[in-house]
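Spelled out, the chains give:
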Amino acid sequence: MLFTSHSYYSLRYGTLSVEDLVAGAKAQGLQALVLADINNTSATTDFIRECKEHDIRPVAGVSCHNEGEFKYLLIARNNKGFREINDLLSELNIRKLPLPCPAPDFEDVIVVYPLISAPEKLEKENEYIGIKHWELNRLVSSPWRHNQTKLLAWHQITFTGTKGFELHRHLRAIDNNCLLSKLPATELAHPGQTFLDPHKARQAFSAWEQLLLNSNRVLGMCNIDFDFKSIKNKKSFTGHPYDDRILLEKLAMDGLAYRYGKSNKEALRRIRHELEIIDRLGFSAYFLITWDIIRYSMSRGFYHVGRGSGANSIVAYCLRITDVDPIAIDLYFERFINPLRTSLPDFDIDYSWKERDEVLDYIFKRYGRLHTALLGAMSTFKGKSILRELGKVFGLPKSEIDELVEKPPKPEQQGPLIRRLMEVGVQMVDFPNIRSIHAGGVLVSEEPLTCYTALDMPPKAFPTTQWDMYVAEAIGFEKLDILSQRGLGHIDECTKILQQNRGIKVNVHHVEDFIQNTQVKSQLRNGETIGCFYIESPAMRGLLKKLRCDTYIALVATSSIIRPGVARSGMMKEYIHRFHHPNGFKYIHPVMEEQLKETYGVMVYQEDVLKVCHHFAGLDLADADILRRAMSGKFRSKHEFERIRGRFFGNCQERGHPEAIAKEVWRQIESFAGYSFSKAHSASYAVESFQSLYLKAHFPHEFHVAVINNFGGFYQTWVYFNEAKRCGAHVELPCVNQGYYKTSLQGEVIYTGFIHVQNLETSVAQSIEQERDNNGTYHSLQDFVNRVPLGREQLLLLIRINALRFTGKTKQQLLWEAHMAGGSKVQRVNPVTLFETPAHTFTLPELERSSLEDAYDEIELLGWPVTLSYFDMLEQPATRGIIAQYLKQYVGKRVQMAGSLVTIKYVSTIHREIMHFGTFFDHHGMFFDTVHFPQVVKRYPFRGKGIYLIVGKVVEEFGFASLEVEKMEKLPMKKDPRYV
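The model shown is predicted, which means the values in this text are computed figures rather than measured ones. For every chain, the first residue of the written sequence is number 1, and numbering continues from 1 along that sequence. Per-residue local features of the predicted model are confined to residues with pLDDT of at least 70, and side-chain atom pairs are confined, for both listing and counting, to 80 or more; whole-chain, interface and lining totals are unaffected and use all residues. Based on all heavy atoms of the structure, the side-chain values leave hydrogens and waters out of the count.

**Brief notes about the overall build of the protein chain**
Piece 1. Per the convention used, a helix needs a DSSP run of H or I reaching at least four residues, while a strand needs a run of E reaching at least two, with both numbered from the N terminus. On a plain count of helices and strands, the protein chain comes out with 37 helices and 24 strands.
Piece 2. The size measure is the radius of gyration over C-alpha atoms, and the globule rule it meets is 2.2 Å times the number of residues to the 0.38 power. In terms of C-alpha radius of gyration, the protein chain reaches 33 Å, essentially the compact-globule figure of 30 Å for 980 residues.
Piece 3. The C-alpha extent of the protein chain, read off along each of the three principal axes, is 100 × 80 × 70 Å.
Piece 4. Three labels apply to residues, based on accessible area from a 1.4 Å probe with only protein chains included: buried if under 20% of the type maximum, exposed if over 50%, partly exposed otherwise in between. Counting the 980 residues in the protein chain, one finds 55% classified as buried.
Piece 5. In the protein chain, of all internal contacts separated by at least 6 residues, the share reaching a separation of at least 24 is 70%.
Piece 6. Within the protein chain, one finds 119 positive and 115 negative side-chain charges whose respective centroids are separated by 2 Å. Note on contacts: a residue pair is in contact if any heavy atoms of the two residues lie within 4.5 Å. Counted charges follow a simple rule, with Lys and Arg positive, Asp and Glu negative, and His plus the chain ends left uncounted. Where a charge lies is defined by one atom per residue type: Lys uses NZ, Arg uses CZ, Asp uses CG and Glu uses CD.

Rendered as structure tokens:
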């Protein structure tokens, strides 16, 4: 009999995991099973592996639906047939085409139509009609009863029992976005689509023996298998592995001269060592493809950062894939490529968010769309999202759903409806919900990718695999991560501004010069890092000060210490203490001193955890690597993780380690889960931090403009304008004669870009710039409206933001003239004229003007004031109290400070109370930080953006001063005169 199944990868339809499906089939004694998910083949690879473990013959298929209606079933006879199915699905997805009906021609695919909508004739040898046991009565009256050679005994599996059917109903209601009570019966599977004993199935078809024989014959000709051991990436860059080897060697030696000179024996030794391993393991093509991508992007002037474990490789450093010198910070290549590793290597390459798509476009065109795809990802149902979705299908009002999500009632407080909702919700946890895209994964394969998966075409993307990184790794793919990052946009744009405006060319890859720069060291040590990649948050700036960080090695450690894993284990504070008191602590065990002396016995990097697991607990490197992957969220097997945990404690006991010490070491290891960095990753981040810090230290105006124009960073845009002012720039409002669509720099004057003016149309802003560049500056309001096509509302926005101040007229005068022009549109009269049409003149009375009015216009249209500061707008000047510059002089004393709120960090205590960490700047633009304990939070809460008067005690921790708040009030602002 033909048994086909839907897993829960038939999204919001199936209810069974691949593991449950195969286990159920094994329990029923099935020898073969078809996986036929709806319009996708994302689970096929996992299905094949699972079937092989349970000695069941896997058969690949797909259930083809058009707008929710089942049309036919496709079953692959073999791997070629599987590719045919994937080719069809991929073409439909990429070209946005409906499913063809009837099915197209295939060579190695069986087509099975449902009885209810079967064609009148089946003219192709590979076409059949599937008959379910509850349809046998209908078959009696069907013309097909006379031609049984085309009929198959067929049973579908979608859920288990009544409980599974109910879960299926809820999933279908979620998919249809309707109330459970309103769900059409046509949207549901037949209640009989559960596991069926093969003996009972044969009994049901006892009068139709031919259908069983047909099914067995068809099923017998179908099989599929994958080789899970070989690498599936493109095997050769040049066309032959030997040529790849000698090309890679030449490029590495050329790079050696560039990076180290020709006489560095240690670098040469390491290169030869790495090249031998790379060639032996077959990774030459992978390195060369990455080098090719870097070569292309550099030829286009695109700035990149190679990060992740790839920075352990000196070959990657010499190929300019990364800018991390692995010799300088003692990185070892085996962390990237090691024969004992259970996972494959991958390079992470960051580009500016503006250039990443062009790099991807090159990869797809260079290596071909048959062999190139983005890596998919799978979004799953999680806690709050489950409650929201089920709340809607249960018909709960939004207010009740919000309350349910934020404060789920305890079991004893739940009514029947909520109890039922919770029961269903528990069953849905971790169910696949939506196929999406991996953050940056790209695959370049030897065989066409449709040999392994169908491809999706997400909006504004490239063809994307239907399975995720876990499946890609299991089947033997090494991915490339081509990532986008706005921090690189800062650096790239800053260098371009310097080149265009001042003729200064900065090679940002000369990192060694930046690391040794005195001014850079000073700013790093003092936390002067606003706008700099990864080191600008309040917590990071505080940590830099506490550690007096001013070297590359120190910043590498700091970049990892700040991660939640180290902080959560309590070891961040311990690290700072040991840094300041290197002789004032004892190592928990001699192994910790031997392996972690560089980091004072604190596990800071993933590599540290590997060292401890191997040398302290005696785990082999393969098990240690599984633990590493689990820590970084790249491993799915909880069973395997528990196995290693058991081995860890068992080995510790055998080695005679005290139980308390073993538990403490494991606690520190476990706290790293999902948060730890590899040392190479931290080193890559530190390189980018030094690059951005060098630009900020020496070219602050250009740097801040670049940060503003890339809309990236920890803070809101107005904070970077404030920082630019603090560093000596003069900030101007948008100007139609001097400004541009993006924020621009002229000398020390920064002109706010039109892009920041709310409700100003992009086309208008760009027309202003283009018309001025083509035909010169504007001479008057009339000249401006003659040359730029814009409606009156757009003109009024420009006047209100004072972008036409070049006329010498006040905003009130210009607004009056604009209104007197008449009509709802300002017409484009003469784009270019020999003589300007004279404007109508009016004699106006002297109109009142207030700088406070202007500031309120700026807040409304930009989001922040430019011509005044918030301090200038206070009802009463905030002259009392101290300023941030002198905070350390008042340690232990009660002081008063006035500050403009920048950002708030919300933290939950172990008692589930809320405390806050605030960041402010004073009227000089200097930052200071505050601590708000739970009792203060309740009595003196934050009340939005503005100036606060803060009273508290100055406290100091490792040289970093902050204000422990006792009370706080938001100071009143002067009212807008127009509305008083």
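More follows now that the structure is in view.
**Quick look at the pairing of strand S1 (residues 2-5)**
Piece 1. Judged by which residues are buried, S1 turns out to be covered on both faces: Leu 2 and Thr 4 on one side and Phe 3 and Ser 5 on the other are all buried.
Piece 2. Pairing between two strands requires that DSSP report at least two bridges joining them. Where S1 meets strand S7 (residues 151-157), 4 bridges bridge the pair, whose relative direction is parallel. Residue pairing for S7: Thr 4 is matched across the bridge by Gln 156.
Piece 3. Two strands pair when backbone bridges link them, and S1 and strand S2 (residues 32-38) are joined in this way by 2 bridges, in the parallel orientation. Paired with Ser 5 across the strands is Leu 35, a residue of S2.

**Some points on empty space enclosed by the protein**
Piece 1. Using protein atoms alone on a 1 Å grid, points that fit a 1.4 Å probe yet trap it form a cavity, whereas open point sets bounded by protein on both sides within 12 Å along at least five of seven lines form a pocket; residues with an atom within 4 Å of a point count as lining. Grid points are joined across faces, edges and corners, and a volume is the space filled by probe spheres set on the points. Taken as a whole, this structure holds 3 cavities of 30 Å³ or more when the rule is applied.
Piece 2. In this structure, the largest cavity spans a volume of roughly 60 Å³.
Piece 3. In terms of lining residues, the largest cavity is bounded by 10 residues, among which Tyr 9, Ser 42, Trp 467, Asp 468 and Val 471 are the most central.
Piece 4. In this classification, the charged set is Asp, Glu, Lys and Arg, the nonpolar set is Ala, Val, Leu, Ile, Met, Phe, Trp, Tyr, Cys and Pro, and all remaining amino acids, among them Gly, are polar. Of the residues contributing to the lining of the largest cavity, the split by class is 5 nonpolar, 2 polar and 3 charged.
Piece 5. When its volume is computed, the second largest cavity comes out at roughly 40 Å³.
Piece 6. Along the walls of the second largest cavity sit Asn 233, Tyr 286, Ile 289, Val 442, Leu 443, Val 444, Glu 478, Lys 479 and Leu 480, which together make up its complete lining.
Piece 7. If you tally residues by element for the lining of the second largest cavity, the top one is strand S11 (residues 432-444), at 3 residues.

**Quick look at the sheet that holds S1**
Piece 1. Around the barrel, which closes on itself, the 7 strands sit in the order S1-S2-S3-S4-S5-S6-S7 with mixed pairing between neighbours. Across this sheet, the average inter-strand angle for adjacent strands is 35 degrees, counted without regard to direction.
Piece 2. Pairing geometry for strand S3 (residues 57-66) and strand S4 (residues 69-76), over 6 bridges, is antiparallel. Note that in S4 the partner of Val 62 across the bridge is Leu 74.
Piece 3. A fitted line through C-alpha atoms represents every axis, and for helices the fit uses only the stretch in contact; the resulting angles, taken between N-to-C directions, go from 0 to 180 degrees. Along the sheet face, helix H2 (residues 44-53) touches S2 and S3 and points at about 150 degrees away from the line of S3.
Piece 4. Helix-sheet contacts for helix H3 (residues 79-95) involve S3, S4 and strand S5 (109-114), and the interaxial angle to S4 is about 145 degrees.

**What about helix H32 (residues 762-775)?**
Piece 1. Between its first and last C-alpha, H32 extends 20 Å over 14 residues, near the 20 Å set by a 1.5 Å rise per residue.
Piece 2. Of all the residues in H32, the buried ones are Val 764, Ala 765, Ile 768, Glu 771 and Arg 772. Burial along H32 is one-sided: seen end-on, the buried residues are contained in an arc of 135 degrees. For H32, exposure combined with an orientation more than 90 degrees from the buried face picks out Gln 770 and Asn 774.
Piece 3. The inward-facing, buried residues of H32 contact helix H33 (781-787), strand S18 (790-791) and helix H34 (792-800).
Piece 4. Backbone geometry just downstream of H32 places Gly 776 in the positive-phi region, at approximately 95 degrees. A helix's residues, less one, multiplied by 1.5 Å, set its expected span. Our arc is simply the arc of the directions from the helix axis toward the C-beta atoms.

**Brief notes about unusual backbone geometry**
Piece 1. In this model, Cys 101 is joined to Pro 102 through a cis peptide bond whose omega is 0 degrees.
Piece 2. Within the secondary structure, Pro 102 is located in the loop between H3 and S5.
Piece 3. Notably, Arg 548 is not glycine yet its phi reads approximately 45 degrees, a positive angle.
Piece 4. Within the secondary structure, Arg 548 is located in the loop between helix H20 (538-546) and helix H21 (552-561).

**Topic: the nonpolar core**
Piece 1. One finds Tyr 552, Leu 555, Leu 695, Ile 768, Phe 784, Leu 798 and Leu 804 to be the most contacted residues of the largest nonpolar core, which totals 110 residues.
Piece 2. Residue contributions to this core peak at 9 residues, all from helix H29 (residues 679-698).
Piece 3. Not counting residues up to four positions away in its chain, the partners in contact with Tyr 552 are Val 324, Ile 329, Ile 515, Ala 683, Ala 686, Val 687 and Phe 690.
Piece 4. Listed in part, the 88 residues of the second largest apolar core include Val 109, Ile 157, Leu 171 and Leu 404. For our purposes a nonpolar core is just a set of buried Ala, Val, Leu, Ile, Met, Phe, Trp, Tyr and Cys residues, chained together by side-chain atoms within 4.5 Å.

**A look at the sheet that holds strand S24 (residues 960-970)**
Piece 1. If you walk around this closed barrel you meet the 5 strands as S20-S21-S22-S24-S23, and the pairing is mixed. The average undirected angle you get between the axes of adjacent strands in this sheet is 50 degrees.
Piece 2. Sheet topology note: the strand S21 (residues 914-921)/strand S22 (residues 927-932) ladder contains 6 bridges and is antiparallel. Bridge pairing in S22 places Phe 917 opposite Val 931.

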